[in-house]
Amino acid sequence: MLRKMGEAVARVARKVNETVESGSDTLDLAECKLVSFPIGIYKVLRNVTDQIHLITLANNELKSLTSKFMTTFCQLRDVPVEKLAAMPALHCINLRFNPLNAEVRVIAPPLIKFNMLMSPEGARAPPP
């Protein structure tokens, strides 16, 4: 069991390092057996969070994403609305101050049965 946990941690570290080193706008953490978003990732990505536009978290065991996740990655554009709609335990997702594409803004409201908080189109986050 410890070996599998170590392999999962190494996989996350590799994927995060690839994103930082390549300057990619995508962080792919799919199939990493995550139950939460690792706190250490915020520190490693602190210089590149503004350029991250897509985060893939598919096939994990996430129970929640903290407000720190939403405020750190405030440049997300695409939201997998269909996948969110299929999450019966999801009650609310806060995507304020993300430049969501128009398709997400139109498709999301009729499909979802939870609160999806969005800022008006073009709104910017207040300075820290």
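Residues numbered from 1 in each chain as written. Predicted model: local features only at pLDDT ≥ 70, side-chain atom pairs only at ≥ 80, totals over all residues. Heavy atoms only, no water.

Asks: Lay out the overall build of the protein in plain terms, naming residues and giving numbers.
Replies: For the protein, the helix and strand inventory stands at five helices and four strands. Along its sequence from the N terminus, the protein presents helices and strands in the succession α-β-α-β-α-α-β-α-β. Taken against the 2.2 N^0.38 rule, which gives 14 Å for 128 residues, the C-alpha radius of gyration of the protein at 15 Å falls within 12% of a compact globule. Overall, the C-alpha framework of the protein stretches about 45 × 35 × 25 Å when taken along its three principal axes. For the protein, the residues scored as buried account for 32% of the 128 residues in total. Looking at the protein alone, contacts between residues at least 24 apart form 57% of all its contacts between residues at least 6 apart. Just so you have it, the protein exposes about 8700 Å², and 57% of that area is on carbon and sulfur atoms. For the protein, the centre of its 16 positive side-chain charges and the centre of its 12 negative side-chain charges are spaced 7 Å apart. (Helix = DSSP H or I, 4+ residues; strand = E, 2+ residues; numbered from the N terminus. Rg over C-alpha atoms; globule rule 2.2 N^0.38 Å. Buried < 20%, exposed > 50% of the residue type's maximum accessible area, 1.4 Å probe, protein only. Contact = heavy atoms within 4.5 Å. Areas by Shrake-Rupley, 256 points an atom, 1.4 Å probe, with all protein chains shown as cover. Lys, Arg positive; Asp, Glu negative; His and termini not counted. Charge placed at Lys NZ, Arg CZ, Asp CG, Glu CD.)

Asks: Quick rundown of unusual backbone geometry? Include the residues and the values.
Replies: Residue E31 is not a glycine yet carries a positive backbone phi of 55°. Residue E31 is classed as partly exposed on the basis of its relative accessible area, which comes to 48%. In this model, N59 sits at a positive phi of 55°, which is unusual for a non-glycine residue. Here N59 lies in the loop between strand 2 (54-56) and helix 3 (67-72). Taking the relative accessible area as the measure of exposure, N59 reaches 58% and is therefore exposed.

Asks: Can you tell me about the packing of aromatic side chains, naming the residues and giving the values?
Replies: Under the definition given, this model contains two aromatic pairs. Aromatic side chains F37 and Y42 sit 5.3 Å apart centroid to centroid with 55° between the ring planes, which places their arrangement in the tilted category. In this structure, F37 and Y42 share a single accessibility class: buried. Between F37 and F69, the ring centres sit 4.9 Å apart and the planes meet at 75°, which makes this aromatic pair edge-to-face. Highlighted residues: F37 in the loop between strand 1 (26-28) and helix 2 (39-44) and F69 in helix 3, separated in sequence by 32 residues. Taken together, the aromatic side chains of F37, Y42 and F69 make up a single cluster linked through ring pairs. Across the ring face of Y42, the terminal group of K68 is positioned such that the distance to the ring centre comes to 5.1 Å. (Phe/Tyr/Trp six-rings, centres within 6.5 Å; stacked < 30°, edge-to-face > 60°. Lys NZ or Arg CZ within 6 Å of the ring centre and 35° of its normal.)

Asks: Can you break down the environment of E82 residue by residue, with the values?
Replies: Counting through the fold element by element, E82 comes out in helix 4 (residues 81-85). On the accessibility criterion, E82 (52% relative accessible area) is exposed. Considering only alpha carbons, one finds E82 and N59, 23 residues apart in sequence, at a separation of 15 Å.

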